[in-house]
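Reading the structure
For reference, the chains in residue letters:
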Amino acid sequence: MLIDSHCHLDCLDLNPYGNSFANFMREAHQQEIGYMLCVAINLESYPDMYRLVEGYRNVAISVGVHPNERDAREPAIDQLVSLAQDPKVVAIGETGLDYFRSEGDLNWQRERFRTHIRAAKAIGKPLIIHSREAKKDTLKILDEEKASEVGGVFHCFTEDWETALRAMDLNFYLSFSGIVTFKSARLIQDVAKRLPENRFLIETDSPYLAPVPFRGKPNYPVYLRCIAECIAGLRDVSFAEIAERSTQNFHTLFPQTSAG
Ligand SMILES: [Zn+2]
């Protein structure tokens, strides 16, 4: 069994599944995707996302507003805390900084990031971090806001070993997406190889970032197997070991997901 620690189930193209979310879930189950964390990107689409996965006990959710959602409704700490009181919500995010896709004065991104960290600490749930071309400020803000109290995960980790060490120092896990399967991803593969076995998660980030051999196509949680196989190869351990380890790590980071 594998756990997809980061996907956007409400954004999937369900066409290959006869436009049925139930069909999709059945197929995912048959292909041994035992659990999924469906990650929110804004508050506008949150209620629909919630309704979509509400009936599935092997799907958890997060609540938050993505740093690339510039025009989204700005969340308040109280609002995030109140939404996160729901037992279905296991994390705050995705949140963080993206200096690649946004331009101009990005103080709004940093303020929004701080809001999420404060909410996570108030509710005692871990953070899901998105960081792109912004590692210095991401680490600085996590440090200043004492995010290590709740920890969390750097999703779709694409930084170097030094950043990995700093993230782990701050009580964060690293999650690997399909990017680790790309030939050009030497830096990330190096991190996947050296990382302690109790610090990594795996994810698809569906519908984005399909792994090799599906690169450039829409992504689905069932492709998680390609990512687990790649990491098993890099670390020279069995697929079963990667499956077991990443599953354990997921339940340790998100303890709410362990109960039955
Ligand atoms: Zn995402």
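Overview of the structure.

Parameters at a glance
Residues numbered from 1 in each chain as written. Predicted model: local features only at pLDDT ≥ 70, side-chain atom pairs only at ≥ 80, totals over all residues. Heavy atoms only, no water. Pairing = 2+ DSSP bridges. Helix = DSSP H or I, 4+ residues; strand = E, 2+ residues; numbered from the N terminus. Axes fitted to C-alpha atoms, helices over the stretch in contact; angles between N-to-C directions. Contact = heavy atoms within 4.5 Å. Salt bridge = Lys/Arg side-chain N within 4 Å of Asp/Glu carboxyl O. Buried < 20%, exposed > 50% of the residue type's maximum accessible area, 1.4 Å probe, protein only. Phe/Tyr/Trp six-rings, centres within 6.5 Å; stacked < 30°, edge-to-face > 60°. Donors = N, O, S within 2.8 Å, 3.2 Å for Na, K, Ca; no water. Tetrahedral: all angles 85-135°; square planar, octahedral: opposite > 155°, others 65-115°.

1. A closer look at the sheet that holds strand E5 (residues 127-132)
As summarised here, the arrangement of the 8 strands in space is E1-E2-E3-E4-E5-E6-E7-E8, forming an open sheet in which the pairing is parallel. Each having just a single partner strand, strand E1 (2-7) and strand E8 (200-202) make up the two edges of the open sheet. Strand-to-strand, the axes of this sheet are offset by a mean angle of 30 degrees, without reference to chain direction. Where strand E7 (residues 172-176) lies against E8, 3 bridges are found, and the strand directions are parallel. Bridging from a neighbouring strand, Ser 175 pairs with Leu 201 of E8. Running over the sheet, helix H4 (residues 107-123) touches strand E4 (89-98) and E5 and is turned about 160 degrees from E4. Here helix H9 (residues 239-253) sits on the sheet and contacts E1, strand E2 (33-38), strand E6 (152-154), E7 and E8; the angle it forms with E8, its principal contact strand, is near 105 degrees.

2. Thoughts on the pattern of salt bridges
Per the counting criterion, the structure on display carries 12 salt bridges. With a shortest N-O distance of 3.5 Å, Glu 229 and Arg 225 are connected by a salt bridge. Remark: Arg 225 and Glu 229 occur in helix H8 (residues 224-235); sequence separation between them is 4 residues, near one turn of the helix. By relative accessible area, Arg 225 is classed as partly exposed at 38%. A single network of salt bridges, built from pairs that share partners, joins Arg 114, Arg 118, Lys 140, Glu 144 and Glu 145.

3. Some details on the packing of aromatic side chains
The geometry of an aromatic ring pair is captured by two quantities: the separation of the ring centres and the angle between the planes. Counting across every chain of the model gives 11 aromatic pairs. Here the aromatic rings of Tyr 17 and Phe 24 are separated by 5.3 Å at their centres, their planes lie at 85 degrees, and the arrangement is edge-to-face. In this pair, the class of Tyr 17 matches that of Phe 24, namely buried. Ring pairing ties together the aromatic residues Tyr 17, Phe 21, Phe 24, Tyr 56, Phe 214, Tyr 220 and Tyr 223, which thus form one cluster.

4. A closer look at the coordination of the zinc ion
On the protein side, the zinc ion has His 6 (NE2), His 8 (NE2), Glu 94 (OE) and Asp 205 (OD) as donor atoms, found 2.1 to 2.5 Å from it. Because the angles between the 4 donor atoms bound to the zinc ion fall within 85 to 175 degrees, the donor set is best described as irregular. Summarised as a motif, the one-chain spacing of the donors to the zinc ion is H-x1-H-x85-E-x110-D. Here the residue His 8 occupies a position in the loop between E1 and helix H1 (21-30), and Asp 205 occupies one in the loop between E8 and H8, the gap between them amounting to 197 residues. In terms of burial, His 8 and Asp 205 fall into one category: buried.

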